Amino acid sequence: MEPFLNRAAMSVITLLTDFGSENAYAGVMKGVILSIAPGAAIVDLTHGIGPQDLTQAAHELETAHRYFPPGSIHVIVVDPQVGTHRRIIAAWAGGQVFLAPDNGILPAVLDAGVVTRAVRVENRQFCLKPVSRTFHGRDIFAPVAAHLFNGIGPGRLGPDIPWPDLARLHLDAPYWTEDGVLAGMVIAVDRFGNLITNITETHLAAILAKGAGKKIEILLNRIPVGGFGQTYADAAPGDPLALVGSSGYLEIAVNRGSARRCLKARKGDGVRILTL
Amino acid sequence: MEPFLNRAAMSVITLLTDFGSENAYAGVMKGVILSIAPGAAIVDLTHGIGPQDLTQAAHELETAHRYFPPGSIHVIVVDPQVGTHRRIIAAWAGGQVFLAPDNGILPAVLDAGVVTRAVRVENRQFCLKPVSRTFHGRDIFAPVAAHLFNGIGPGRLGPDIPWPDLARLHLDAPYWTEDGVLAGMVIAVDRFGNLITNITETHLAAILAKGAGKKIEILLNRIPVGGFGQTYADAAPGDPLALVGSSGYLEIAVNRGSARRCLKARKGDGVRILTL
Amino acid sequence: MEPFLNRAAMSVITLLTDFGSENAYAGVMKGVILSIAPGAAIVDLTHGIGPQDLTQAAHELETAHRYFPPGSIHVIVVDPQVGTHRRIIAAWAGGQVFLAPDNGILPAVLDAGVVTRAVRVENRQFCLKPVSRTFHGRDIFAPVAAHLFNGIGPGRLGPDIPWPDLARLHLDAPYWTEDGVLAGMVIAVDRFGNLITNITETHLAAILAKGAGKKIEILLNRIPVGGFGQTYADAAPGDPLALVGSSGYLEIAVNRGSARRCLKARKGDGVRILTL
């Protein structure tokens, strides 16, 4: 049976790419979508993903998709292998559709349990003609998203593909050292210079349980970065602190300043949490 | 009595933030809005406000809001105090609604005389659950804007708040020195490198009245920057000039060039006008 | 007879400017459009054109416009001569409308053969009042686009203007040297660092015909840059290659890297193709 999108809700097509805003790549995708699905509401998640940065794309998609209405169609074009034989996947999960290259982003974001169906996109009937070798965003992703918006079902796009067969992204997860230290890393830096780590509330709860009554210390590149807070203003202006950000990840921030600049930090830097 | 938005006009929700476009913060706000108000038209005023730059936000809002249709809902999320006890305000003025933190932006933009009502936003019924401590744009501003779009009245949001009670922004206004010199400053620099000052047409009219028949000189950081013009091309290519910009503020520009670069200027630099 | 837009298709207003996204210039244009044409769908082609870079604007418009539906209204505001006596042109071509300053962009993009009508925009009835000298995007282009969206015909805007009378842009076309070398240049660099040249598939076909059986070499700033490929992954990661990009222009790229950075290249650099 075909899963159906809930068209009673206004569905939205979102775009998540590494195209930047300096030229018309994203604009052209919108032209293609609106040519096929004239009434579509299109929202830019962001086009500011670092060129070919799959882990950043996965992070943005994970923290954003749940805030969109049922029926939303998320189009992810961060695609270092464009034009090769890498597959393109459409997956139905949690009442939304996800369209992305088979490069690991979707399995990094979607729990297999919520995925009701995944198909390989290969029916050229729903693509522009000809399909270029270098801009599948325009020639495949945009028109397929528009046809999905118009109501075509998964079976029209191509054969089913078992979820476990998809490519996996190697994501560095936090781990416990022999000394009982939690070792994670900075996975994203936002415009405010906040350092978002791969350490989650769940990890923090384990630390708090383990170290009940003890002092907790947070090290960035082996240097202490202050205490925990609940919001930025819990530190004095210019001072660093750690807090659980709005998506459930540990952040290191500087109140009214930039932790990236003040702490000379960047993506990939090590973050360690220990109990003293 | 509740003021009503004119829903005959197509109302628009505008977003003015310092979120940048590198990640999905603004996109997520749109997801929340469209989940609650599916038909809403959303316009980005800009997400390029310098991090936590309240004066720049006030300047952009002031010059932009009057070009939007009656019923428009302007959402301003430049909010250094997010998650503290600072209040959130919804104000009705000139047939539009303004939703912003109580940090001085609205009183800097709206003449008290045009404000018909202001309320403190505190009814959690119109917010996401839970409300995070660090992303009120997503959890409060976006859903409240969507509910306003859907027609809820001010009384539903929270108690009335007298306009004079709102926080005030300290804005550097131009002043007259003892020598009769008008001393202002650069308050914004646009992408073309045009230097926008806090000196208005009204100030210039006073100078012209005062110095009738005399030569007028404009100094940037105490260095003369050329004469007055009406449009950029009134100076030779590469030459500086002063003119009244499209929003009524004195600008210093370089025809076909960047005044920021050519004159090594930046926000905060002093601008003086004297009659010789 | 007036040409009519096909309003059965959903028409779209696109914006192509050099305004950047740091402030509300583009947002204000949308406010004006939606005040006059409440249901208009507005798409940003890009606001990232380099300040006053007419050739880049022409390139973006040329590669983008054909992907928009019939009836689309393309608004181009890259306008170094704003506020002077330069004309503003509306042109009907291929079922779309193009609104731009008379500075050469349109003749660089539109084949005279497809242009069914061009008029000079001068009826102030369709402009904001007053019209500023420095922001015609807001005061003329936006409201005229909205009125076109609402269905006014060309005759209402101003007198017909013969296409050959429009200003021409000097575009550097590739040429053949005496030695039979094709000499072109880099005309754009995208966010990935791909170098887009003014050499087209047609030029390449001529080279292939001429040099049948011979080896072809591509030089960037007189240095060889590797062989031809069909997509980025045809070179090893970090290696350069040349390929025909998605819009039919020769590109020099580096697989999983930036040709701009690796080859220290920029817009204007010379590209030569020779047969050995």
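The present account deals with the structure reproduced in this document. (Residues numbered from 1 in each chain as written. Chains lettered and ligands numbered in written order. Predicted model: local features only at pLDDT ≥ 70, side-chain atom pairs only at ≥ 80, totals over all residues. Heavy atoms only, no water.)

## Quick word on the overall build of chain A
So, point 1. Tallying secondary structure elements over chain A gives six helices and 14 strands in all.
So, point 2. Taken along the three principal axes of its C-alpha coordinates, chain A extends 60 × 40 × 40 Å.
So, point 3. Counting the 276 residues in chain A, one finds 59% classified as buried.
So, point 4. Once local pairs closer than 6 in sequence are excluded, the contacts in chain A between residues at least 24 apart make up 68%.
So, point 5. When the 25 basic and 24 acidic side-chain charges of chain A are each reduced to a single mean position, those positions are 4 Å apart. (Helix = DSSP H or I, 4+ residues; strand = E, 2+ residues; numbered from the N terminus. Buried < 20%, exposed > 50% of the residue type's maximum accessible area, 1.4 Å probe, protein only. Contact = heavy atoms within 4.5 Å. Lys, Arg positive; Asp, Glu negative; His and termini not counted. Charge placed at Lys NZ, Arg CZ, Asp CG, Glu CD.)

## Points about the interface of chain C and chain A
So, point 1. The partner chain A presents 33 residues to the 30 residues of chain C that form the contact.
So, point 2. For the pairing of chain C and chain A, the buried interface totals around 2500 Å² over both sides, and the portion due to carbon and sulfur atoms is 57%.
So, point 3. The three residues of chain C that bury the most area against chain A are Tyr 67, Arg 191 and Phe 192 of chain C, which together make up 30% of that side's buried surface.
So, point 4. Inspection of the region where chain C meets chain A yields zero salt bridges. (Buried area = accessible area lost by both parts, 1.4 Å probe. Salt bridge = Lys/Arg side-chain N within 4 Å of Asp/Glu carboxyl O.)

## With respect to the pairing of strand S14 (residues 270-275) of chain A
Residues and elements named next belong to chain A.
So, point 1. Here strand S8 (residues 182-189) runs beside S14; their pairing, made up of four bridges, is antiparallel. Bridge pairing in S14 places Leu 182 opposite Ile 273.
So, point 2. In the sheet, strand S10 (residues 216-220) pairs with S14 via five bridges, with the strands oriented antiparallel. Across the sheet, the residue bridging to Ile 218 is Ile 273, located in S14. (Pairing = 2+ DSSP bridges.)

## Let's talk about the packing of aromatic side chains
So, point 1. Inspection of every chain in the model, using the stated rule, returns twelve aromatic pairs over all chains.
So, point 2. Between Tyr 25 of chain C and Phe 135 of chain C the ring centres are 5.4 Å apart and the planes differ by 65 degrees, which places this aromatic pair in the edge-to-face class. With Tyr 25 of chain C in helix H1 (residues 25-36) and Phe 135 of chain C in the loop between strand S6 (115-120) and helix H4 (136-149), the pair connects residues that are 110 residues apart, well separated along the chain.
So, point 3. Of the aromatic side chains, those joined through ring pairs into one cluster are Phe 19, Tyr 25 and Phe 135 of chain A together with Phe 192 of chain C. (Phe/Tyr/Trp six-rings, centres within 6.5 Å; stacked < 30°, edge-to-face > 60°.)

## What to know about the relation of the copies chain C and chain B
So, point 1. Relative to chain B, chain C is turned by 120 degrees and slid 0.0 Å along the rotation axis, the superposed coordinates differing by an RMSD of 0.0 Å. When the rotation and shift are considered jointly, the pair of chain copies conforms to a three-fold rotation axis.
So, point 2. A share of only 9% of the interface residues of chain C reappears at the interface of chain B, consistent with the copies meeting through non-equivalent patches. (Least-squares fit on C-alpha atoms with pLDDT ≥ 70 in both.)

## Some words on the relation of the copies chain C and chain A
So, point 1. Between chain C and chain A, which share one sequence, the superposing operator has a rotation angle of 120 degrees and an axial displacement of 0.0 Å; the RMSD is 0.0 Å.
So, point 2. Mapped onto chain A, only 10% of the interface residues of chain C are again interface residues, and the two copies thus contact each other with different surfaces.

## Side note on the interface of chain C and chain B
For an interface, size is often stated in terms of accessible area lost upon the parts coming together.
So, point 1. Listed per partner, the contact involves 33 residues of chain C and 30 residues of chain B.
So, point 2. Across the interface of chain C and chain B, roughly 2500 Å² is buried in total on both sides, 57% from carbon and sulfur atoms.
So, point 3. The interface formed by chain C and chain B contains zero salt bridges.
So, point 4. For the pair chain C and chain B, the interface holds 16 residue pairs in polar contact (both at pLDDT 80 or more).
So, point 5. Counting residues per element, the side of chain C that touches chain B draws most heavily on H1 of chain C, which supplies eight residues.
So, point 6. Tallied by class, residues from the side of chain C that touches chain B come to 13 nonpolar, 15 polar and five charged. (Polar contact = N/O pair within 3.5 Å; in protein donor to acceptor, adjacent residues only side chain to side chain. Nonpolar A, V, L, I, M, F, W, Y, C, P; charged D, E, K, R; others polar.)

## Quick notes on the side chain of Ser 246 of chain C
So, point 1. Here Ser 246 of chain C shows up in the loop between strand S12 (240-244) and strand S13 (249-254).
So, point 2. Not counting chain neighbours up to four residues away, the residues in contact with Ser 246 of chain C comprise Ser 132, Thr 134, Phe 135 and Arg 138 of chain A together with Glu 251 of chain C.

## Regarding the side chain of Thr 231 of chain B
So, point 1. With respect to the element layout, Thr 231 of chain B can be found in the loop between strand S11 (223-224) and strand S12 (240-244).
So, point 2. The class of Thr 231 of chain B is buried, set by a relative accessible area of 1%.
So, point 3. At 2.8 Å, the side chain of Thr 231 of chain B forms a polar contact with the backbone oxygen of Val 82 of chain C.
So, point 4. In this view, Thr 231 of chain B contacts Leu 241 and Leu 243 of chain B together with Val 82, Gly 83, Thr 84, Arg 133 and Thr 134 of chain C; residues no more than four positions away in its chain are not counted.

## Considering the sheet that holds strand S3 (residues 73-77) of chain B
So, point 1. One open sheet accounts for six strands, arranged S2-S1-S3-S5-S4-S6 (chain B); its pairing is mixed. Each end of this open sheet is capped by a strand with a single partner; those strands are strand S2 (41-46) and strand S6 (115-120) of chain B. Neighbour-to-neighbour, the strand axes of this sheet turn through a mean angle of 20 degrees, independent of strand direction.
So, point 2. Where strand S1 (residues 12-17) of chain B and S2 of chain B come together, five bridges link them in parallel fashion. Bridge assignment links Thr 14 of chain B to a residue of S2 of chain B, and that residue is Val 43 of chain B.
So, point 3. Its contacts with the sheet put H1 of chain C on S1 and S2 of chain B, and the angle it makes with S2 of chain B is roughly 145 degrees. (Axes fitted to C-alpha atoms, helices over the stretch in contact; angles between N-to-C directions.)

## Overview of the pattern of salt bridges
Any two side chains of opposite charge can pair if their charged atoms end up close together.
So, point 1. Scanning all chains against the criterion turns up 24 salt bridges over all chains.
So, point 2. Ionic pairing is found between Lys 267 of chain B and Asp 53 of chain B, a salt bridge with its closest N-O pair at 2.3 Å. Of the two residues, Lys 267 of chain B is situated in the loop between helix H7 (259-262) and strand S14 (270-275) and Asp 53 of chain B in the loop between S2 and helix H2 (54-64); the sequence distance between them amounts to 214 residues.
So, point 3. The exposure class assigned to Lys 267 of chain B is partly exposed, which follows from its relative accessible area of 36%.
So, point 4. Here Asp 102 of chain C and Arg 87 of chain C are joined by a salt bridge, their closest N and O atoms 2.8 Å apart. Residue Asp 102 of chain C is located in the loop between strand S5 (96-101) and helix H3 (105-109), and its partner Arg 87 of chain C is located in the loop between strand S3 (73-77) and strand S4 (88-93); the two are separated by 15 residues in the primary sequence.

## Regarding the environment of Pro 159 of chain C
Residue and element names in this part refer to chain C.
So, point 1. Locating Pro 159 in the fold gives a position in the loop between H4 and strand S7 (175-176).
So, point 2. Here the alpha-carbon distance between Pro 159 and Val 121, two residues 38 residues apart in the chain, equals 7.7 Å.
So, point 3. Contact partners of Pro 159, with chain neighbours within four places excluded, come to Ala 118, Val 119, Arg 120 and Glu 122.

## Topic: the pairing of strand S4 (residues 88-93) of chain A
When a strand is regular, its side chains alternate between the sheet's two faces.
All names here are of chain A.
So, point 1. By the criterion of burial, S4 is predominantly enclosed, with six of the six residues buried.
So, point 2. The side-chain alternation of S4 yields two buried faces, one formed by Ile 88, Ala 90 and Trp 92 and the other by Ile 89, Ala 91 and Ala 93.
So, point 3. Between S4 and the antiparallel strand that follows it, strand S5 (residues 96-101), lie two residues; Gly 94 among them carries a positive phi value of about 60 degrees.
So, point 4. Note that S4 and strand S6 (residues 115-120) share five bridges and pair antiparallel. Bridge assignment links Ala 91 to a residue of S6, and that residue is Ala 118.

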